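These are the residues of each chain, in order.
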Amino acid sequence: MTKAEYLMLADKVAADIAQGTLKPGDRLPPQRDFADRHAIAASTASRVYAELLRRGLVVGEVGRGTFVSGEARRGVSAPGEPRGVRIDLEFNFPILPEQSALIAKSLSGLERPTDLELALRPATSGGTVAVRNTAAAFLANGAWTPSADQLVFTGAGRQSIAAALAAVVPPGGRCGVEMLTYPFIKGIAARLGISLVPLAMDEGGVRPDAVQSAHREGHLSAIYLQPAIQSPLGMTMSPTRRADLLLVVQTHGITVIEDNVYGFLDDAPPLAALAPEHCVVVDSLSKRVAPGLNLGFIVPPLRLRESVMAAVRSGGWAAPGYAFAAAQRMMSDGTVTELVRLKRADARERQQIAADCLAGFDVRTSGKSYHLWLTLPAHWRSQALVAAAARHDIGLTPSTTFAVTSGHAPNAVRLALAGPSKDQLDAGLRTLAAILNGREDDFDLTE
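Scope of this entry: the structure provided in the associated data block.

Reading guide: rules and limits
- Residues numbered from 1 in each chain as written.
- Predicted model: local features only at pLDDT ≥ 70, side-chain atom pairs only at ≥ 80, totals over all residues.
- Heavy atoms only, no water.
- Core = buried A, V, L, I, M, F, W, Y, C linked by side-chain atoms within 4.5 Å.
- Buried < 20%, exposed > 50% of the residue type's maximum accessible area, 1.4 Å probe, protein only.
- Helix = DSSP H or I, 4+ residues; strand = E, 2+ residues; numbered from the N terminus.
- Contact = heavy atoms within 4.5 Å.
- Arc of directions from axis to C-beta.
- Pairing = 2+ DSSP bridges.
- Right-handed = clockwise from strand over helix to strand, strands pointing away.
- 1 Å grid on protein atoms, 1.4 Å probe; cavity = no way out; pocket = protein on both sides within 12 Å on 5 of 7 lines; lining within 4 Å.
- Points joined across faces, edges and corners; volume = space filled by probe spheres on them.
- Nonpolar A, V, L, I, M, F, W, Y, C, P; charged D, E, K, R; others polar.
- Phe/Tyr/Trp six-rings, centres within 6.5 Å; stacked < 30°, edge-to-face > 60°.
- Lys NZ or Arg CZ within 6 Å of the ring centre and 35° of its normal.
- Polar contact = N/O pair within 3.5 Å; in protein donor to acceptor, adjacent residues only side chain to side chain.
- Salt bridge = Lys/Arg side-chain N within 4 Å of Asp/Glu carboxyl O.

1. Concerning the nonpolar core
Working step 1: Val211, Ile223, Val289, Leu295 and Phe297 are the most contacted members of the largest nonpolar core, which totals 69 residues.
Working step 2: Residue contributions to this core peak at 7 residues, all from helix α12 (residues 321-332).
Working step 3: Ignoring anything within four residues of it in the chain, the contact list for Ile223 reads Cys175, Gly176, Leu199, Val211, Val249, Ile254, Thr255, Val256 and Ile257.

Here is the structure:
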């Protein structure tokens, strides 16, 4: 078989994976069976499998077999779309059973023609005076009270991140990020022509000396951080770490883009409370309310507001009028505040379920968060575990998704706890624990 023919066979398997004929977790036949089926030499089958491994489409475990990778159809730069698995531990969309009734009550009357007419009119990135005042009061947290004049709005948190990056970091510029970070920042930065610089972390978050070192090596226009309920690790920066980090950024004139989307689960105020002129806070209603009824917020220093608004306009990231109308109602009548209270309690309950199911494993998290970081036993690799879990209709996310560069990916997975019912969560985590311990009766992976 020529080289071109051998690659054609690899392409055929790759096409089956792309089309969904082969799904994450599916086991490929042993190489000798593959060779017999295609009337090729065993050595050629080995080359086909090696090529699939090189492309990241499959994972192989000695004595277990070769399986379609959990990342095969989406790449490693960011999660794809929810895949409809029975127990989804990939995506964090906290939807409570009672929240639809609460939201419906808040939005009651918005369907009236006069109210709807106003809601359907074009909106601007600055919103109205009324919605700015409502949002500023709603976002206030402890020592941080943003001014209504600072507020800029987008359709979603991702759009807020994109607009903040576009406003602060020039094309070709450098932005420091946590070495394990929100995955979508990678795609956003690539589209904006921005280089991401991974910053070393410890148990307290990004190390101030890492920021200083990265800035010394090449100018950082900004750093993007999640100081509260960091994803994927779940940590919240201590007051001491915050002060030390802000001293570095103030000394060097670096802007902090502060992602506070998960901050509603913690009482810690944004870094902007300590350094308002150096911080751009981004937030949204997606986790507090629902991804389908969202509004993004950007709170920049006043000196940057016009640049941020221009970025929102040029990116096409302005929120529609209905989002403003719905958000203003829910923020002003206490609906979002009640949802936050309920979701804080829900997150704690889910963390307790996870602690019970994963006792004895190396878990890093906060008791307040909707996710946790599971470092794997030595006999498992993260992509292999993702594929194995997929065979049990469980979706989870490997560490490579969160790493800025592949060299910074530890042997771990993030587990999102918000999606399944509590019974499903318990069952899924117990199944996962059994897989990790090698106790699953039907987990026969030997060739």
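2. Side note on helix α9 (residues 208-217)
Working step 1: Within the sequence span of α9, burial applies to Pro208, Ala210, Val211, Ala214 and His215. Along the axis of α9, the buried positions cluster into a sector of 160°, meaning they face one direction only. Relative to its buried face, α9 has exposed residues pointing more than 90 degrees away, namely Arg216 and Glu217.
Working step 2: Those residues of α9 that are buried lie in contact with β5 (174-178), β6 (195-199), β8 (205-206), β9 (222-225) and α10 (239-252).

3. Some words on unusual backbone geometry
Working step 1: Cis geometry marks the peptide bond from Ser231 to Pro232, where omega comes out at 25°.
Working step 2: When you line up the elements, Pro232 lands in the loop between β9 and α10.
Working step 3: Residue Ala39 is not a glycine yet carries a positive backbone phi of 55°.
Working step 4: Residue placement: Ala39 occurs in the loop between α2 (31-38) and α3 (42-54).
Working step 5: Ala39 gets classed as exposed once you look at its relative accessible area, which sits at 71%.
Working step 6: Notably, Ile229 is not glycine yet its phi reads approximately 50°, a positive angle.

4. Thoughts on the pairing of β5
Working step 1: Within β5, 4 of the 5 residues are buried, leaving the element largely enclosed by the surrounding structure.
Working step 2: One ladder, built from 5 bridges, connects β5 with β6; its direction is parallel. By the bridge assignment for β6, Val177 is matched with Pro198.
Working step 3: What joins β5 to β6 is helix α8 (residues 184-192), and the crossover it makes is right-handed.
Working step 4: Sheet topology places β5 next to β9; 3 bridges connect them, and they run parallel.

5. Observations concerning the layout of surface pockets
Working step 1: Space inside the largest pocket adds up to approximately 490 Å³.
Working step 2: Together, 27 residues line the largest pocket, and Phe93, Arg158, Tyr182, Phe184 and Lys287 are the ones closest to its centre.
Working step 3: Residue contributions to the lining of the largest pocket peak at 3 residues, all from helix α7 (residues 157-168).
Working step 4: Considered class by class, the residues forming the lining of the largest pocket number 14 nonpolar, 8 polar and 5 charged.
Working step 5: Lining the second largest pocket are 16 residues, with Leu118, Gly321, Phe324, Ala325 and Gln328 sitting closest to its centre.
Working step 6: Counting only elements with at least two residues in the lining of the second largest pocket, the list comes to α5 (113-119) and α12.
Working step 7: Of all the elements, α12 adds the most residues to the lining of the second largest pocket, at 5 residues.
Working step 8: Its residues assigned to classes, the lining of the second largest pocket comprises 8 nonpolar, 5 polar and 3 charged.

6. Some remarks on the packing of aromatic side chains
Working step 1: Under the defined criterion, the tally for this structure stands at 6 aromatic pairs.
Working step 2: Arranged with centres 5.1 Å apart and planes meeting at 75°, the rings of Phe153 and Phe324 form a pair that is edge-to-face. Here Phe153, found in strand β4 (residues 152-154), pairs with Phe324, found in helix α12; they are 171 residues apart in sequence, far enough to count as distant. In this pair, the class of Phe153 matches that of Phe324, namely buried.
Working step 3: Look at Tyr182 and Phe184: their rings are 5.5 Å apart centre to centre, the planes differ by 50°, and that puts the pair in the tilted class.
Working step 4: Over the face of the ring belonging to Phe184 we find Arg158, whose NZ or CZ atom lies 3.6 Å from the ring centre.

7. Digging into the side chain of Lys186
Working step 1: Structurally, Lys186 is set in helix α8.
Working step 2: Using a relative accessible area of 13% as the deciding quantity, one classes Lys186 as buried.
Working step 3: Here Thr401 takes part through its backbone oxygen, which lies 2.7 Å from a polar atom of the side chain of Lys186.

8. Remarks on the environment of Pro269
Working step 1: Tracing the backbone through its elements, the reader meets Pro269 in the loop between β10 (255-259) and β11 (279-284).
Working step 2: Excluding residues within four positions of it along the chain, Pro269 makes contact with Asn141, Trp144 and Arg242.

9. Some points on the pairing of strand β17 (residues 412-416)
Working step 1: With respect to burial, β17 is a largely interior element, 5 of its 5 residues being buried.
Working step 2: Neither face of β17 is left uncovered, since the one carrying Ala412, Arg414 and Ala416 and the one carrying Val413 and Leu415 both have all their residues buried.
Working step 3: Bridge count for strand β14 (residues 371-375) against β17 is 5 bridges, and the pairing is antiparallel. Bridge assignment links Leu372 to a residue of β17, and that residue is Leu415.
Working step 4: The sheet contact formed by strand β16 (residues 397-398) and β17 spans 2 bridges and is antiparallel. Within β17, the residue paired with Thr397 across the bridge is Arg414.

10. As for the pattern of salt bridges
Working step 1: Using the criterion set out here, one finds 15 salt bridges in the structure.
Working step 2: Between Asp115 and Arg329 there is a salt bridge whose closest N-O contact spans 3.9 Å. Of this pair, Asp115 sits in helix α5 while Arg329 sits in helix α12, and the two are 214 residues apart along the sequence.
Working step 3: A salt bridge links Arg121 to Glu117; its shortest N-O distance comes to 3.7 Å.
Working step 4: Through salt bridges with shared partners, a single network forms among Asp346, Glu349, Arg350 and Lys422.

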